[in-house]
There are 6 protein chains.
Amino acid sequence: MQYEWRKLRADQLREQARLDAIVILPVASLEQHGPHLPVEVDSLLGETVAARTAEKLLAKRQPVLVLPVLWTGLSEHHMSFGGTVTLDNAAFAALIEGVARSVLRHGFKRIVLLNAHGGNENALRTITDDLTPKLGVPIVQFTYWYAAAVAIAKILETQGGLQHACEAETAMMLAIRPDLVAIDRIPLAKSNPTPDLSDVVGGGVYRWRSIGSRSSSGVIGNPEAATPGKGEALLDAISTALGEKLCNPALWDLPWTSENVTD
Amino acid sequence: MQYEWRKLRADQLREQARLDAIVILPVASLEQHGPHLPVEVDSLLGETVAARTAEKLLAKRQPVLVLPVLWTGLSEHHMSFGGTVTLDNAAFAALIEGVARSVLRHGFKRIVLLNAHGGNENALRTITDDLTPKLGVPIVQFTYWYAAAVAIAKILETQGGLQHACEAETAMMLAIRPDLVAIDRIPLAKSNPTPDLSDVVGGGVYRWRSIGSRSSSGVIGNPEAATPGKGEALLDAISTALGEKLCNPALWDLPWTSENVTD
Amino acid sequence: MQYEWRKLRADQLREQARLDAIVILPVASLEQHGPHLPVEVDSLLGETVAARTAEKLLAKRQPVLVLPVLWTGLSEHHMSFGGTVTLDNAAFAALIEGVARSVLRHGFKRIVLLNAHGGNENALRTITDDLTPKLGVPIVQFTYWYAAAVAIAKILETQGGLQHACEAETAMMLAIRPDLVAIDRIPLAKSNPTPDLSDVVGGGVYRWRSIGSRSSSGVIGNPEAATPGKGEALLDAISTALGEKLCNPALWDLPWTSENVTD
Amino acid sequence: MQYEWRKLRADQLREQARLDAIVILPVASLEQHGPHLPVEVDSLLGETVAARTAEKLLAKRQPVLVLPVLWTGLSEHHMSFGGTVTLDNAAFAALIEGVARSVLRHGFKRIVLLNAHGGNENALRTITDDLTPKLGVPIVQFTYWYAAAVAIAKILETQGGLQHACEAETAMMLAIRPDLVAIDRIPLAKSNPTPDLSDVVGGGVYRWRSIGSRSSSGVIGNPEAATPGKGEALLDAISTALGEKLCNPALWDLPWTSENVTD
Amino acid sequence: MQYEWRKLRADQLREQARLDAIVILPVASLEQHGPHLPVEVDSLLGETVAARTAEKLLAKRQPVLVLPVLWTGLSEHHMSFGGTVTLDNAAFAALIEGVARSVLRHGFKRIVLLNAHGGNENALRTITDDLTPKLGVPIVQFTYWYAAAVAIAKILETQGGLQHACEAETAMMLAIRPDLVAIDRIPLAKSNPTPDLSDVVGGGVYRWRSIGSRSSSGVIGNPEAATPGKGEALLDAISTALGEKLCNPALWDLPWTSENVTD
Amino acid sequence: MQYEWRKLRADQLREQARLDAIVILPVASLEQHGPHLPVEVDSLLGETVAARTAEKLLAKRQPVLVLPVLWTGLSEHHMSFGGTVTLDNAAFAALIEGVARSVLRHGFKRIVLLNAHGGNENALRTITDDLTPKLGVPIVQFTYWYAAAVAIAKILETQGGLQHACEAETAMMLAIRPDLVAIDRIPLAKSNPTPDLSDVVGGGVYRWRSIGSRSSSGVIGNPEAATPGKGEALLDAISTALGEKLCNPALWDLPWTSENVTD
């Protein structure tokens, strides 16, 4: 059963709108991923998670479509390493809004913004806050690794959640495209030890930081601990969790607009 | 020692720039706060937390200034209750940028965006991501209640952290302006029981929701448990934690701009 | 009777909308006010005039609300002195529009933009021209000192109307917050004599000018002539005049939208 | 001596830049002018005043150029009568800025925004405030009828200054293009008597008003009193006054940018 | 019969709207036209073509109006020669949209964007693509010289179509305003021979190029071959062709909006 | 030799910048392609042409990179058929500018905007006109089918150039992804005969038209004439022509910025 929007014909997509298919838009980036991984990691993982989630939904007879990944994200913090593409906030928001408006005009009523890049996270929440009441339509937004946080923590050995070009991302790449992992360059991925800043910028205190100021290699985490098995386990846990959440009617039945209060 | 920017003369403010004073900009909102609290709660608490934090810093001989609160925040989710003022994302970002640029032109080098309103949180992080590399200057951003999360959890009895017009906010209002708390109306603050949605929208799945869809009274939490003593304890814990963080040189010494990587 | 929007609860503000209360938005600035006055002068006087005007209206049983002052004005011409905050035109207009739209969505039908800063004047008229037909609602705009020009001229001894950090502004500050007037620094307020330019830029010829090019002290006018009594008289004359104008039904009954002409 | 920018060749305009010619940009509108005048009145008078002023300057050996009139002004208040073209504020400002930037890039250093339409007045002052410090160049702005207010008042019999499609505008049209004045339709120009609102909207209180709410004919003033002789006298007085002002070196020698103040 | 919008009164223009007059907006530029022609060439030819086309339409009893030329076009590629005015894309689009919206609000239903400047061509097509479905109204756009390409090619001897300050433009200027052609400077119009780049940038490959990189004189083509007779023939062929096209009902009867397809 | 940007690591991309690689950005769309083709046709053909062109360049030892296709184009004219995604002009321009700026910041100096969608054509030329002088860098733009117009015309039997979901597009899809062509649905692709409008909208007269007003099936052209062999021949001719053009040094050696002319 085909769920890739781009592979379908217009008549098939009109039929999906009549079936009230959920439309998933993966949003990611092209940005440096250390000395051993290609810049497409977030885009490829976003595509993969979206595809596997769609398969879980179809298995439950929930119509679903997956748009192509938006590979133009917010990655200023990676620019110093080269190879990275970034938009500014306004262009990024206009891009998401343009796609969402097109989808809604064809009669779809449920949009999922599936984020696969840390740098997009704050902006996508702001965009969701803006678009939902403006368009009056349910928009569900998440960054994929939060959907199965407990399972992820169990699978990983050297970190509690996803970091960057790390045990987790490297493992998932080993699972799906081992030919794109430069295993011999993983030793270069060791970051210079940086001071423990959890007292400084933890506890809710937020500041933008260039990745270059945090890691000379561009890696945050330990890719040496990655294995294909862990990668497969991560992808399965994540897509299973997402599949369950997205076909829960309660997620979509809640009101999405303001109603006036009267005394 | 005067720390309120608005009360100072231009010559005094030029002197503060020479002393490299930290400049705190409280950002809040005017929005409904249930049947018992005025719409200024977030603005008043933002002003109060900023003032107490400034006093802690001055006690450590750290020059500091506090700008007046920006009371025009992002509160679309409260609009259905009346009494609420909201901007759109673009106006909110332009407002913050305008103030930040003015401050920097006078020679100040350290800006703190002290947020006191949940609805501003995502947008302020996006704005911080945008402004920091663009202006090349340290901007520290936080929502005040995250700065002392453990202490707050200990003080409260019916909730783990701040909610809305709740035990915590009501307690702080009782501590600083009891005349503005309509105690006799607290019984009206009970929300209609809403279904437990933690399985639906928890786990990283995000959606914008009107407060009216979550609580018929506009309250989330239990104001009946509020006492002035808890309020005082909360304000003290928060301002103490913030004062320590902001005068830590490590917070400001980290690089704030991109540097190119060379092979 | 409470007229401060921020001090009221949402249910009280909904009631005020039903009563068709007039909503006053004071718009001012934080900008240098010479060697003897704090940067908040325009904001504080805007708040004070709004409050006194509201009291006059309430005395006539006209429901009225006063929003907090917008302290982020247009003050590029004061920036060279430090201590000043300025927005650009677009941000300033977006801010006013955001507040006006929020107020109207709650059912209020009459908005007053009470300006207290010379630098905002042209822009606020342009904004009023834009918003009135676009929103289809009566917006009344004025700069407070024009409302009682004759009375003001009678009270002042060294100038015909308000200037900057001058006899009039200093007098009003002496009336309401003498602790914020550095009387000993008033002698520094003397401007270098500047050439008489009335032939050059008078007669309707307009050019933007930095205050620094007009006065080395940042003062235009003579603060030495200020007394608390004059200040009190000024505030009383202004708020009386405004109170009379704003409760005149003719001000609000005029049509506010275009109607097509038919031959 | 040719002063019309559009009639000159590029080499001649480069020569004018080397001579530091003053560049006059007439800004006007196409909007209804009552039952007896064409919609071009403001544009034609703007062109005429600019041309006559240029002739006065050339007679004093002051190099000067006149750009074609910008006929796209701000005329929402006239739209209900038909025949009117209006821009919104943002487009109008962008248009002025685009022309000004082009002129400056060619080496000219003095720009005059000669306004001939009441609806543009506030916006042009705001634009002047924005562009002058941003571009760092002298921009002089005026609405032509303020330049000779005393002389104008003496010439007119039924009004103190310019109104709309009135004694003054009709007189100037009779002087320069009598064929475009429908004399037989002047009796239709009588406005319905409107209530005297000087107490309501005078005294600095400002509100946008559709012309249709002020005059059923679209005329404000008394065109019956117009004569060609008055028109000629008006144009001569205005261009003489402007010619004197614009070739006064003091107008251009004043500083145009901010300079920092040091203690 | 008067067709110039600016020369008409509001009542006459309301009548034209009732008659469903076609509204022609000439869009051109002020930009360098070599050593022998004034910068107004495109604006003057745009006005002339529009006027002659209107006369052809009136002769067929088709009501028509011509707005004044927009002389603020897109001419960055000519800026290096001086004397040129250019807008940026956004200002240019906002200007066209503002005029179009005004015209439509008065009840006109057919707009013609008559372009007379090569640099505007791509942008005007983009603007037409944007405005037509957004405003739901027929907008016809063309650059005048394409309307009679075959006839033009027959008239010219040294070039196949219009170039810049060339045989064709010079000829038309000789026909209508010979006093503005500096015949003695035509020998200066010879361009330095530039390499034949048809293999490089032809075949659909597009790049922006400064005119200065293509011709040291700013001329592309051969003005020496210009004669008044050719100019008159060009103007007649063009206006005849346009007149026929514009009064063809089929041009306006086609649908202008999207209709949904149903299976 | 890898030329896909997304498959490379940051260190490899930094190396490509040092080698002055040409960077190709395919720009396309997702839009209806009649009853027999998927909506991805333009995106897939854009990717394919870019890839084959890159292979030709690498064979000539010209370093080259291909970014992922931008599948968010301008397709309002296809929206009525469903299945289509469109941006507005401003978002589309901001997206292209964001990618171009990122590429240039990493040291690349040559950008190719390879367009594969008719609806993008005018806008991309406008964007090229804007970005080239603003960024001061060579940007080459083309729509792929113009690059080999003569060869294409020879290969096709029923049309002179590319149309929509036509002989040519269907043939290329049959060559590269026959599984995505619904051959049994090609008979549905017959358009209702539409009147010959070449006299109406030909000859340079331009109007936006919904595809639905031109063809009830969404097809323009004759897909029945498509064969895989023609498709292969088309792709080979196009990529050969583009490969030759792009490695011609003359294409890149021309000046890209304005230089001032001095007399």
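Look up: the structure comes first, before these words.
A brief look at the structure comes next. (Residues numbered from 1 in each chain as written. Chains lettered and ligands numbered in written order. Predicted model: local features only at pLDDT ≥ 70, side-chain atom pairs only at ≥ 80, totals over all residues. Heavy atoms only, no water.)

A closer look at the overall build of chain A
Tallying secondary structure elements over chain A gives 9 helices and 4 strands in all. With respect to the three principal axes, the spread of C-alpha positions in chain A is 55 × 45 × 30 Å. Within the span of chain A, comprising 263 residues, buried residues form 64% of the whole. For chain A, contacts bridging at least 24 residues in sequence account for 78% of all contacts bridging at least 6. When the accessible area of chain A is evaluated, it comes to approximately 8,800 Å², of which 52% is carbon and sulfur surface. Charged side chains of chain A number 24 positive and 29 negative; the gap between the two group centres comes to 5 Å. (Helix = DSSP H or I, 4+ residues; strand = E, 2+ residues; numbered from the N terminus. Buried < 20%, exposed > 50% of the residue type's maximum accessible area, 1.4 Å probe, protein only. Contact = heavy atoms within 4.5 Å. Areas by Shrake-Rupley, 256 points an atom, 1.4 Å probe, with all protein chains shown as cover. Lys, Arg positive; Asp, Glu negative; His and termini not counted. Charge placed at Lys NZ, Arg CZ, Asp CG, Glu CD.)

Here we look at the packing of helix H3 (residues 89-105) of chain B against helix H4 (residues 121-135) of chain B
The axes of two packed helices give the description: the angle between them and the distance between them. Residues and elements named next belong to chain B. Running from N to C, H3 and H4 point in directions that differ by 40°, and their axes come no closer than 11 Å. Taken together, the axes of H3 and H4 are oblique relative to one another. The crossing of H3 and H4 is right-handed. Counting all contacts with H3, which are made through Phe 92, Ala 93, Ile 96, Glu 97, Ala 100, Arg 101 and Leu 104, the residues of H4 involved are Ala 123, Leu 124, Ile 127, Asp 130, Leu 131, Lys 134 and Leu 135. Among the residues forming the contact of H3 with H4, the class breakdown is 10 nonpolar, no polar and 4 charged. (Axes fitted to C-alpha atoms, helices over the stretch in contact; angles between N-to-C directions. Parallel < 35°, antiparallel > 145°, perpendicular 65-115°, else oblique. Left-handed = near helix turned anticlockwise from the far one by under 90°. Nonpolar A, V, L, I, M, F, W, Y, C, P; charged D, E, K, R; others polar.)

Some remarks on the pairing of strand S3 (residues 111-115) of chain B
Residues and elements named next belong to chain B. Among the 5 residues in S3, 5 count as buried, and that is most of the element. Both faces of S3 are covered, namely the face carrying Ile 111, Leu 113 and Asn 115 and the face carrying Val 112 and Leu 114. Both strand S1 (residues 22-27) and S3 contribute to a ladder of 5 bridges, which runs parallel. Opposite Leu 25, over in S3, you have Leu 113 as the bridge partner. (Pairing = 2+ DSSP bridges.)

A short note on the packing of aromatic side chains
Tallied over the entire structure, the rule returns 18 aromatic pairs over all chains. Between Tyr144(D) and Trp145(D) the ring centres are 5.1 Å apart and the planes differ by 80°, which places this aromatic pair in the edge-to-face class. Overall, the relative accessible area of 12% leaves Trp145(D) in the buried class. With a centroid separation of 6.2 Å and an interplanar angle of 65°, the aromatic rings of Trp145(F) and Tyr146(F) are classed as edge-to-face. Judged by its relative accessible area of 32%, Tyr146(F) is partly exposed. (Phe/Tyr/Trp six-rings, centres within 6.5 Å; stacked < 30°, edge-to-face > 60°.)

Thoughts on the interface of chain A and chain F
With 48 residues of chain A at the interface, the matching set in chain F holds 48 residues. The three residues of chain A that bury the most area against chain F are Arg6(A), Arg9(A) and Trp71(A), which together make up 18% of that side's buried surface. The interface formed by chain A and chain F holds 24 residue pairs in polar contact (both at pLDDT 80 or more) in total. Mapped by element, the contributors of at least two residues to the side of chain A that touches chain F are helix H1 (10-18), helix H2 (41-59) and helix H3 (89-105) of chain A. Here the side of chain A that touches chain F is built from residues that sort into 26 nonpolar, 11 polar and 11 charged. (Buried area = accessible area lost by both parts, 1.4 Å probe. Polar contact = N/O pair within 3.5 Å; in protein donor to acceptor, adjacent residues only side chain to side chain.)

With respect to the environment of Leu234(E)
All names here are of chain E. Inspection of the secondary structure puts Leu 234 in helix H8 (residues 228-246). Under the relative-accessibility criterion, Leu 234 is labelled buried at 0%. Taking C-alpha positions, Leu 234 is 7.8 Å from Ala 151, a pair spaced 83 residues apart along the chain. Look past the residues within four positions of Leu 234 in its chain and what remains in contact with it is Ile 152, Ile 155, Leu 156, Ala 168 and Met 172.

Side note on the sheet that holds strand S1 (residues 22-27) of chain C
Residues and elements named next belong to chain C. An order of S2-S1-S3-S4 is seen for the 4 strands of this open sheet, with the pairing classed as parallel. The sheet is open, and its two edges are formed by strand S2 (64-66) and strand S4 (139-143), each paired on a single side. Between one strand axis and the next, the sheet turns through 20° on average, direction left out of account. Together, S1, strand S3 (111-115) and S4 form the strand contacts of helix H4 (residues 121-135), whose direction differs from that of S4 by roughly 175°.

Quick notes on helix H8 (residues 228-246) of chain F
Taking 1.5 Å of rise per residue, 19 residues should cover 27 Å, and H8(F) covers 27 Å from first to last C-alpha, within 8% of that figure. Listed as buried for H8(F) are Lys230(F), Gly231(F), Leu234(F), Leu235(F), Ala237(F), Ile238(F), Ser239(F), Ala241(F), Leu242(F), Gly243(F), Lys245(F) and Leu246(F). (Expected span 1.5 Å × (residues − 1).)

Considering the sheet that holds strand S1 (residues 22-27) of chain A
Residue and element names in this part refer to chain A. Spatial strand order, S2-S1-S3-S4: 4 strands in an open sheet with parallel pairing. Single-partner strands in this sheet number two, and they are strand S2 (64-66) and strand S4 (139-143). Each strand of the sheet is rotated relative to its neighbour by a mean of 20°, with strand direction disregarded. In this structure, S1 lies alongside S2, joined through 3 bridges in parallel fashion. When the sheet's bridge partners are listed, Ile 24 is paired in S2 with Val 66. Along the sheet, H2 makes contact with S1, S2 and strand S3 (111-115), crossing S2 at roughly 170°.

Overview of the pattern of salt bridges
Here the idea is simple: oppositely charged side chains can pair when their charged atoms come close. The full count for this structure, using the stated rule, is 96 salt bridges over all chains. The closest approach of N and O atoms between Arg6(F) and Glu40(A), which form a salt bridge, is 2.4 Å. Placement of the pair is Arg6(F) in the segment before helix H1 (10-18) and Glu40(A) in the loop between S1 and H2, with the two residues belonging to separate chains. Residue classification places Glu40(A) among the buried residues on the basis of a relative accessible area of 0%. The salt bridge partner of Lys7(B) is Glu40(C), with a shortest N-O separation of 2.6 Å. Linking Lys7(B) in the segment before helix H1 (10-18) with Glu40(C) in the loop between S1 and helix H2 (41-59), this pair reaches from one chain into another. Exposure class is identical for Lys7(B) and Glu40(C). Each is buried. Three or more residues joined by partner-sharing salt bridges are found here, namely Arg6(A), Lys7(A), Glu40(F) and Glu47(F). (Salt bridge = Lys/Arg side-chain N within 4 Å of Asp/Glu carboxyl O.)

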